[in-house]
Amino acid sequence: MDRDKIYERVVELVRPLSKNRTAVENISEDTSILEDLQVNSARLVDLILAFEDEFNIEVDDDAADSVKTIGDAVDMLAKQLG
Amino acid sequence: MTRKRVAVTGMGVVSPIGNTLDEFEAALQAGRSGIRKFEALAELNFKCQVGGIPQSIDSIATAYFDEEERMAMNNCMTYACIAAMDAWTDAGLELPERPASEVLWDTGAVVGSGAGGVETLGSRVVPLTDAGQVKRLGSMCVEQIMSSNLSAKIGGLFGLGNQVTSNSSACATGAEAIYMAAERIRNGQAERMLAGGAEGVSRYIWSAFDAMRVLARKFNDRPSEASRPMSASAAGFVPGAGAGVLMLEELESARERGARVYAELLGGAVNSGGHRNGGSMTAPNSSGVQRCITAALTDSGIDGSQIDAISGHLTGTFADPVEVANWAQALGRPPEDFPLITAPKSMFGHALGAAGAIETVATILMLRGGYVHPSCNCEDLHPEVEPYADSVAHELKELPDMQTVIKSGFGFGDVNCALVFRNSSN
């Protein structure tokens with residue numbers, strides 16, 4: 001899948017969990033999911049589930065733990081999707 | 001040590017007859033029923049296919065909570081949090097920014113439910129766990145099924161730093177929460193407390209009551225007539241849902257900040273009948289009920305002759321005539337001297353853990369407005385209630401000089417609560 005398309009879907013999926021609306025408006029691949037978007041750390045598991053549903057994949061714990069920024073998520077998903 | 005006095009300075013309600021105080025009071029005064037028939041219950045072979053379910057909640061929730069907050073709440077939590085937000089603003093307080101505002105160390109919450117996590121258990125935890133899909137439960141189930149789900153969520157909404165807890169005493173929960181929170185203020189341990197109860201809509205809760213044959217089964221074609229407290233033709237309660245939350249506040253500090261005071265909570269009591277002398281898991285020990293009422297009077301520094309009106313627990317079951325007799329005995333008020341009595345459940349059903357709180361909101365609105373709202377569907381009074389017929393509010397009763405009103409909540413487990421409120425102009 002096209003990296004830009006993955007990026008667009010990641011942004012849409014992280015949006016509802018984000019508490020910092022300003023950071024959402026200025027989102028980029030460098031945006032930190034916890035620090036910048038202020039997603040509650042407990043919700044990372046929900047974000048991973050959302051990725052799995054969206055892209056019909058299974059994300060293992062190590063891959064999930066590698067996701068700190070939006071770019072990390074896109075990288076992880078691009079790798080999984082080949 | 002002199003105990004502090006407790007004022008009610010704000011109220012919020014989510015109910016089958018309205019989700020704002022104005023809507024709720026208009027329906028109360030008109031005797032308008034919020035009971036409807038639900039085909040989904042018929043399809044599931046419920047014998048009781050009517051219930052009281054709050055309407056138009058999604059639009060309120062969308063206005064009050066962000067998407068993540070809405071995703072993480074079951075309907076019981078949503079009701080509780082809407083009522084808490086409304087109580088807060090009704091008290092004239094500004095809503096704190098979430099999550100950036102400071103912790104309010106002098107403000108807490110006691111808000112409970114009878115079975116607040118059951119819908120989440122039934123709809124998500126059990127099916128996904130049994131299907132071997134534990135991972136798919138995600139992060140949002142624990143906060144919905146923990147017994148403190150309501151108070152925990154409310155504590156975060158407002159940044160509460162005092163005691164934040166959820167009580168549970170079946171159908172006495174909402175009233176008991178108000179008593180517990182008031183005690184915290186009376187003892188000088190908190191300045192403000194959000195207090196109340198909520199109950200969600202769940203077929204997994206209502207089915208268990210349906211199986212017990214304690215729900216109304218004979219009025220599926222006449223929903224507005226189904227909830228019949230004190231009626232000879234009552235044959236079970238109508239399940240309901242919603243939330244009621246009060247802002248309780250130390251009276252002097254409330255006055256200092258210029259808060260409107262709806263009423264003073266003079267006092268109250270909680271106890272249990274111990275499943276003895278006729279009491280059981282599902283029936284009240286009359287001695288316990290009477291002791292609770294007299295203890296509430298003593299705690300309030302009044303006697304039974306000073307009670308102007310009773311908002312009963314009165315569910316539409318065999319227990320109603322017993323309750324009326326207990327009121328007469330405990331207040332020392334025989335039928336010819338019995339105060340006005342009304343049953344709010346006749347309009348919106350039995351909201352279980354929320355009942356005592358929603359009905360306390362109704363009680364305080366009556367006290368403030370100088371009236372007793374109608375007790376519907378009891379034109380055919382139960383023979384044992386018939387001697388008290390002149391005291392039953394079949395229609396709206398103006399009572400402009402009403403000073404003191406008592407509200408009760410009695411629950412499975414043989415537990416009791418009584419609360420006494422006084423007109424705040426005293």
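Residues numbered from 1 in each chain as written. Chains lettered and ligands numbered in written order. Predicted model: local features only at pLDDT ≥ 70, side-chain atom pairs only at ≥ 80, totals over all residues.

### Some details on the overall build of chain B
Note the cut-off: In this text, helices come from DSSP runs of H or I with a minimum length of four residues, and strands from runs of E with a minimum of two, each type numbered from the N-terminal end. With C-beta atoms placed from the backbone, a residue is labelled by how many other C-beta atoms lie within 10 Å of its own: buried for 20 or more, exposed for 12 or fewer, partly exposed between the two. By the criterion used throughout, residues are in contact when their C-beta atoms, derived from the backbone, lie within 7 Å.
Check the secondary structure of chain B and you find 15 helices and 14 strands. For chain B, the spread of C-alpha atoms along the three principal axes comes to 65 × 55 × 40 Å. The proportion of buried residues among the 426 residues of chain B is 58%. Taking the intrachain contacts of chain B between residues at least 6 apart in sequence as the baseline, contacts between residues at least 24 apart amount to 79%.

### Some remarks on the overall build of chain A
Operational definition: As defined in this context, the radius of gyration uses C-alpha atoms, and a globule is described by 2.2 Å times the residue total to the power 0.38.
Regarding its fold elements, chain A presents five helices and zero strands. N-terminal to C-terminal, the α/β element order of chain A is α-α-α-α-α. Its C-alpha atoms give chain A a radius of gyration of 11 Å, within 12% of the compact-globule value 12 Å for 82 residues. Principal-axis analysis of the C-alpha atoms gives chain A an extent of 30 × 25 × 20 Å. Taking all 82 residues of chain A together, the buried fraction comes to 24%.

### Structural notes on the sheet that holds strand β7 (residues 242-250) of chain B
Think of a sheet as strands paired side by side through backbone hydrogen bonds, with each pair either parallel or antiparallel. Residues and elements named next belong to chain B. Put simply, the rule reads: When DSSP finds at least two bridges between two strands, those strands are taken to pair. Axis definition: a line fitted to C-alpha atoms, over the contacting stretch in the case of helices. Angles run 0 to 180 degrees between N-to-C directions.
In spatial order, the strands read β5-β4-β6-β7-β1-β8-β14-β13-β9-β10; together these ten strands make up an open sheet with mixed pairing. If you trace the sheet from one side to the other, it starts and ends with β5 (164-165) and β10 (340-342), each paired once. Of the pairings in the sheet, the one linking strand β4 (residues 107-112) to β5 comprises two bridges and is parallel in character. Residue pairing in the sheet places A109 in a bridge with V164 of β5. Taken strand by strand, helix α8 (residues 149-158) contacts β4, β5 and β6 (192-199), and its axis lies near 150 degrees from that of β4.

### Notes on the pairing of strand β1 (residues 6-14) of chain B
Consecutive residues of a regular strand have side chains that alternate between opposite faces of the sheet. Residue and element names in this part refer to chain B. Counting buried residues in β1 gives nine out of nine residues, a clear majority hidden from the surface. The pairing of β1 with β7 spans eight bridges and is classified as antiparallel. Paired with A7 across the two strands is E249, which belongs to β7. Note that β1 and strand β8 (residues 263-272) share three bridges and pair antiparallel. Counterpart to A7 in the pairing with β8 is E264.

### A short note on the interface of chain B and chain A
Where the parts come together, the accessible area they lose is often given as the size of the interface. Selection rule: Each residue is assigned to one class: nonpolar for Ala, Val, Leu, Ile, Met, Phe, Trp, Tyr, Cys and Pro, charged for Asp, Glu, Lys and Arg, and polar for all the others, Gly among them.
Taken residue by residue, the interface counts seven residues in chain B and seven residues in chain A. Residues of the side of chain B that touches chain A, tallied by class, amount to two nonpolar, two polar and three charged.

### A look at the domain arrangement of chain B
Residue and element names in this part refer to chain B. To keep it simple, the criterion reads: Here the bounds of each domain stem from an automatic or database domain assignment.
Under the domain assignment, chain B is made up of domain 1 (6-256) and domain 2 (268-414). Once you take the C-alpha centre of each, domain 1 and domain 2 turn out to be 22 Å apart. Among the elements of the structure, β1, α1 (21-30), β3 (50-52), α9 (173-186), β6 and β7 are those that each provide at least two residues to the side of domain 1 that touches domain 2. The greatest single-element share of the side of domain 1 that touches domain 2, amounting to eight residues, is contributed by α9. Classifying every residue of the side of domain 1 that touches domain 2 gives 32 nonpolar, 23 polar and six charged.

### With respect to helix α5 (residues 75-90) of chain B
Residue and element names in this part refer to chain B. What counts is decided by this rule: Each residue after the first adds 1.5 Å to the expected span of a helix.
With 16 residues, α5 should cover 22 Å at 1.5 Å per step; its first-to-last C-alpha distance of 22 Å lies within 8% of that length. Burial runs high along α5: 15 of the 16 residues are buried. Looking one or two residues past α5, G92 carries a phi angle of roughly 80 degrees, positive in sign.

### A closer look at the packing of helix α1 (residues 3-14) of chain A against helix α3 (residues 44-55) of chain A
Residue and element names in this part refer to chain A. Convention followed: The labels follow the angle: roughly parallel below 35 degrees, roughly antiparallel above 145, roughly perpendicular from 65 to 115, and oblique for the rest. Crossing chirality is assigned from the near helix's rotation relative to the far helix, an anticlockwise turn below a right angle marking it left-handed and a clockwise turn marking it right-handed.
Two elements in contact, α1 and α3, have axes separated by 10 Å at closest approach and are oriented at 135 degrees. Considering their axes alone, α1 and α3 lie oblique with respect to each other. Judged by the twist between their axes, the crossing of α1 over α3 is right-handed. Two secondary-structure elements touch here, α1 through R9, L13 and V14 and α3 through L47, A50, F51 and E54. Partitioned by chemical class, the residues of the contact of α1 with α3 number five nonpolar, no polar and two charged.

### Side note on the nonpolar core
Cut-off, in case you're wondering: Any nonpolar core is a set of buried residues, restricted to Ala, Val, Leu, Ile, Met, Phe, Trp, Tyr and Cys, that join up through C-beta atoms within 7 Å.
Core analysis: the largest hydrophobic core is formed by 118 residues, its most contacted members being A80, A83, A84, V111, A195, V245 and L248 of chain B. Top contributing element to this core by residue count: α5 of chain B, with eleven residues. Residue contributions to this core reach at least three from each of two domains, namely domain 1 (6-256) and domain 2 (268-414) of chain B. Those residues in contact with V245 of chain B that lie beyond four places of it in its chain are G12, A80, A83, A84, A87, V111, L194, A195, G196 and A357 of chain B. V10, V14, I33 and L47 of chain A belong to the second largest nonpolar core, which has 17 residues in total.

### Some thoughts on the environment of L47 of chain A
Residue and element names in this part refer to chain A. Residue placement: L47 occurs in helix α3. The spatial distance from the C-alpha of L47 to the C-alpha of V24 is 15 Å, given a sequence separation of 23 residues. Sequence-distant contacts of L47, that is, excluding residues within four places in its chain, are made with L13, V14 and L17.

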